[in-house]
Amino acid sequence: MAWLSARRSRPRSTTAITHRSRGAGLAGALIALVMLALAPAVLGSTAEASSGGTGRAPVSYTADGLANLPALTPVMSCADVTSMDLDGVTDAAVTITSATVDTTTAASPFCSVTGTIAPANTIVMRLPLEGWTQRYLQTGCGGECGSSNINYAAADGCVPVTDGTIASATTDMGHQGGNDGSWAANNPQAQIDFAYRGVHVTSQVAKAVIAKFYGHPARYSYFDGCSDGGREGLMEAQRYPNDFDGILAGAPANNMDVQNTYHHAWNVLTNLDSDGNYILLADKLPLIHSAVLAKCDGLDGVTDGILDDPRACDFNPYSIVCKAGQDSSTCLTKAEAGVVRRLHDGATDGHGHRLEVPISHEWGSELDWTLFIPTAQGQTVGSQNFVESFARYLGYTNKVMPDWTLSDLKFDVRSFWKTVESSSYLAAMDPDLSRFQRSGGKLILWHGWGDQHISPQSTLAYYSAVQKTMGKRATAEFSRLYLFPGVAHCGGGEGPNSFDALTPTMAWVESGRRPTSIVARKLDSAGNVTRTRPVYPYPAVARYNGHGSTDDASNFHSYTPARERGTDYHWVGERLYSSDYQTWCRAVGTQLACTPARTWLTAKAKGAHRA
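Quick caveat: nothing in here was measured; it's all calculated off a predicted structure.

## As for the overall build of the protein
- Within the protein, the secondary structure is distributed over 15 helices and 17 strands.
- Put simply, the protein has 611 residues, and 57% of those count as buried.
- Put simply, of all contacts in the protein between residues at least 6 apart along the chain, 69% involve residues at least 24 apart.
- With the model as given, the accessible surface of the protein reaches about 23,400 Å², and the carbon-plus-sulfur share is 50%.

Written out as structure tokens, the structure reads:
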């Protein structure tokens, strides 16, 4: 049974590492059900699963629910990785440019590998030289990528990561440009690689290198990313459901087209007066934040400076408008209060139609609004840079508009659809994850309630769409959502923001242990833990037991509200959460030629397209 539970990750050959058939996915799902039926009810350090007559030794599990897999060592030298034959592993040529031993940057020595997947995907890998525990972890990147640095998100304390026994890889997703967007100009293949291909081919190549280096394939494969990395994870689940056994996707920028146009443009434009000057400046943000806490901090039963569910807060920014004779530094003008209200509510057109998911910035996140609220007139804020970079080179397919500015974005329904329909290949909005579910994959989504960059409502809306498409019971069999109070974009913020969501993902895959609470920690500047707090799978929240320190996670329990808040995600673009929005593209000269996913899959089945 140990072999059966690892079967999905074991390649049949180096040319078919990630191309398991639909039938194999169904078989894997049946095997997983059998495994769950036979597994012990409670897993611990001595719990074992039956070998099922396979002749293999039974697998024991750690207290965290991870499989105790035999540690392996390489069967070849690190330097010999450069001479590997990787022909046929993926759809393009692979060149390993360097492979050197690194003894300085991790818990144990590893082989540091760099290579290229044609035409321009850089891949970097870390291959443990001692005690590889047969796991592979691919990490995502943020923004528009353009760099290849292995970064573990939401994995604080994950043992295979901290002890250096996991093989890792990442990619720059087909370009080396960064966040100015100009890398995409007249470069359709780079756009495809950034959208979805780069992560996929990296998984194929990395698994092949691992199998050759250790003489043994990875038993389990995982993906971990936040922001664009979260989008990458969802893109994998939607387009390449057999690449990873478990996916951890944080604060996903999966609605990229709306995120990098209407969402961020609204952040800037709604704060400008008729003369083009900023109405609200950053010196008022602490005032606003204090007023929000005064109104809503105690609603969850604990006065601790964070809101466990900001949707319960009915703060009215007009309540702190200056009265006659009041010191202006202690209150807002009516114009400033209007900006605060509009920033919270999100982008609309002139008729009140919502051009993004309702609630763009949650109450309690105000201290991090410096992303789009300047400290002085004349400054260019981050939100403006995001929009102009994206719109000039990526947002409007096959158009390069280097002089495009925020004023060129029209806030009306017709312009909205012209914008989002032209770049659907970048979005990861398909709620039908049935192929990923059938493959036995597990997905954990997470988001910080204090995210100043990507609204947690966007992730809630996507998760709701998955539940509507697949059913709540079916969704619960393979997916969980965690919302972290007071946590900003991919970390930071006022709440406990250091946590390990990767281990629960692995345990769910390896032993069938369903994720429960995740304990988040708040650290001071010296690295000392000042607060711990449990976070439970949505819609449950943490409630104080009424005794003991409110800074101790053990004094809280899970509470599920009788009525789920905020389940009405009606806005202009709600039908984007569909399989019909997804497109597949190919490069034709300097242009992209894109096909709707359903048409593409039909043609692919007839042999008209390559994966």
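After presenting the structure, the write-up continues.
## Here's the deal with the packing of aromatic side chains
- Counted under the stated rule, the structure contains 18 aromatic pairs.
- Each ring, one from Phe 213 and one from Tyr 214, has its centre 4.9 Å from the other, and the planes form 80 degrees; the classification is edge-to-face.
- On the basis of relative accessible area, Tyr 214 is assigned to the buried category, the value being 3%.
- Geometrically, the ring pair formed by Trp 446 and Phe 499 is edge-to-face, given 5.1 Å between the ring centres and 85 degrees between the ring planes. Placement of the pair is Trp 446 in strand β10 (residues 442-448) and Phe 499 in the loop between β11 (479-484) and α14 (502-511), with a sequence separation of 53 residues.
- By relative accessible area, which is 2% here, Trp 446 ends up buried.

## Description of helix α12 (residues 456-470)
- With 15 residues, α12 should cover 21 Å at 1.5 Å per step; its first-to-last C-alpha distance of 21 Å lies within 8% of that length.
- Burial analysis of α12 places 13 of its 15 residues in the buried class, which makes it a mostly covered element.
- Its side-chain oxygen 3.0 Å from the backbone nitrogen of Gln 457, Ser 455 forms the N-cap of α12.
- In the segment just after α12, Gly 471 is the residue with positive phi, at about 95 degrees.

## A closer look at the pattern of salt bridges
- Tallied over the full model, the rule gives 17 salt bridges.
- Note that Arg 197 is salt-bridged to Asp 91, the shortest N-O span being 2.8 Å. Of this pair, Arg 197 sits in helix α4 (residues 188-214) while Asp 91 sits in the loop between β2 (59-60) and β3 (94-102), placing them 106 residues apart in sequence.
- Of the residues examined, Arg 197 reaches a relative accessible area of 8% and is grouped as buried.

## So, the confidence of the model for the protein
- Averaged over all residues, the pLDDT of the protein equals 89, while 88% of them reach at least 70.
- Confidence over residues 1-55 falls short of pLDDT 50; this stretch has 90 contacts with residues more than four positions distant or in other chains.

## A short note on unusual backbone geometry
- Omega for the peptide link from Ala 118 to Pro 119 comes to 5 degrees, which places this bond in the cis form.
- When you line up the elements, Pro 119 lands in the loop between β4 (110-117) and β5 (121-128).
- Of note, the bond from Tyr 538 into Pro 539 is cis; its omega dihedral lies within 30 degrees of zero at 15 degrees.
- In this structure, Asn 186 is a non-glycine residue whose phi angle is positive, near 55 degrees.
- Overall, the relative accessible area of 48% leaves Asn 186 in the partly exposed class.
- Although it is not a glycine, Ile 359 adopts a positive phi angle of roughly 70 degrees.
- Its place among the elements puts Ile 359 in the loop between α8 (334-345) and α9 (382-393).

## Thoughts on empty space enclosed by the protein
- Applying the stated criterion across every chain yields a total of 8 cavities of 30 Å³ or more.
- Volume-wise, the largest cavity comes out at about 190 Å³.
- Lining the largest cavity are 19 residues, and of these Asp 308, Leu 483, Pro 485, Val 541 and Ala 542 lie nearest its centre.
- Secondary structure elements with two or more residues in the lining of the largest cavity: β13 (529-535) and β14 (541-544).
- Here the lining of the largest cavity is built from residues that sort into 12 nonpolar, no polar and 7 charged.

## Considering the side chain of Gln 191
- In this structure, Gln 191 sits in helix α4.
- Exposure remark for Gln 191: the relative accessible area of 6% places this residue in the buried category.
- When residues no more than four places from it in sequence are discounted, the contact partners of Gln 191 are Trp 183, Ala 184, Tyr 393, Leu 394, Tyr 425, Leu 426 and Leu 592.

## Some points on the sheet that holds β3
- Taken in spatial order, the 9 strands make up an open sheet running β3-β4-β5-β7-β6-β8-β9-β10-β11, and their pairing is mixed. Looking at strand neighbours, the two that pair on one side only are β3 and β11, the edges of this open sheet. Across the sheet, the axes of successive neighbouring strands diverge by a mean angle of 15 degrees, strand direction being ignored.
- Across 5 bridges, the pairing between strand β6 (residues 135-139) and strand β8 (residues 220-226) is parallel. If you follow Thr 139 over to β8, its bridge partner there is Asp 224.

## Quick word on the nonpolar core
- In this structure, Leu 127 and Phe 416 are the most contacted members of the largest nonpolar core, which totals 102 residues.
- Sort the elements by how many residues they give to this core and α4 lands first, with 14 residues.
- If near-sequence neighbours (up to four positions away) are discounted, Phe 416 is found in contact with Val 258, Tyr 262, Leu 355, Trp 571, Val 572, Gly 573 and Leu 576.
- Counting residues in each nonpolar core, the second largest holds 32 residues, with Ala 153, Ala 155, Ile 166 and Val 487 among its members.

## Section: the state of the cysteines
- Tallying each qualifying case throughout the model produces 6 disulfides.
- Shown here is the disulfide that connects Cys 78 with Cys 111, its sulfur atoms set 2.0 Å apart. Judged by the torsion about the S-S bond (80 degrees), the Cys 78/Cys 111 disulfide is right-handed. Remark: Cys 111 occurs in strand β4 and Cys 78 occurs in the loop between β2 and β3; sequence separation between them is 33 residues. For the pair Cys 78 and Cys 111, one class covers both residues: buried.

## Notes on the packing of helix α6 (residues 256-269) against helix α10 (residues 413-421)
- Contact pair α6 / α10: the axes reach a minimum separation of 9 Å and the direction vectors enclose 135 degrees. Regarding the angle of α6 to α10, the classification is oblique. In this structure, α6 meets α10 at a crossing whose hand is right-handed. Facing α6, whose interface residues are Asp 257, Val 258, Thr 261 and Tyr 262, α10 presents Ser 415, Phe 416, Thr 419 and Val 420.
- A per-class count over the contact of α6 with α10 returns 4 nonpolar, 3 polar and 1 charged.

How each quantity is defined
- Residues numbered from 1 in each chain as written.
- Predicted model: local features only at pLDDT ≥ 70, side-chain atom pairs only at ≥ 80, totals over all residues.
- Heavy atoms only, no water.
- Helix = DSSP H or I, 4+ residues; strand = E, 2+ residues; numbered from the N terminus.
- Buried < 20%, exposed > 50% of the residue type's maximum accessible area, 1.4 Å probe, protein only.
- Contact = heavy atoms within 4.5 Å.
- Areas by Shrake-Rupley, 256 points an atom, 1.4 Å probe, with all protein chains shown as cover.
- Phe/Tyr/Trp six-rings, centres within 6.5 Å; stacked < 30°, edge-to-face > 60°.
- Expected span 1.5 Å × (residues − 1).
- Polar contact = N/O pair within 3.5 Å; in protein donor to acceptor, adjacent residues only side chain to side chain.
- Salt bridge = Lys/Arg side-chain N within 4 Å of Asp/Glu carboxyl O.
- pLDDT = per-residue confidence, 0-100.
- 1 Å grid on protein atoms, 1.4 Å probe; cavity = no way out; pocket = protein on both sides within 12 Å on 5 of 7 lines; lining within 4 Å.
- Points joined across faces, edges and corners; volume = space filled by probe spheres on them.
- Nonpolar A, V, L, I, M, F, W, Y, C, P; charged D, E, K, R; others polar.
- Pairing = 2+ DSSP bridges.
- Axes fitted to C-alpha atoms, helices over the stretch in contact; angles between N-to-C directions.
- Core = buried A, V, L, I, M, F, W, Y, C linked by side-chain atoms within 4.5 Å.
- Disulfide = S-S within 2.5 Å.
- Parallel < 35°, antiparallel > 145°, perpendicular 65-115°, else oblique.
- Left-handed = near helix turned anticlockwise from the far one by under 90°.

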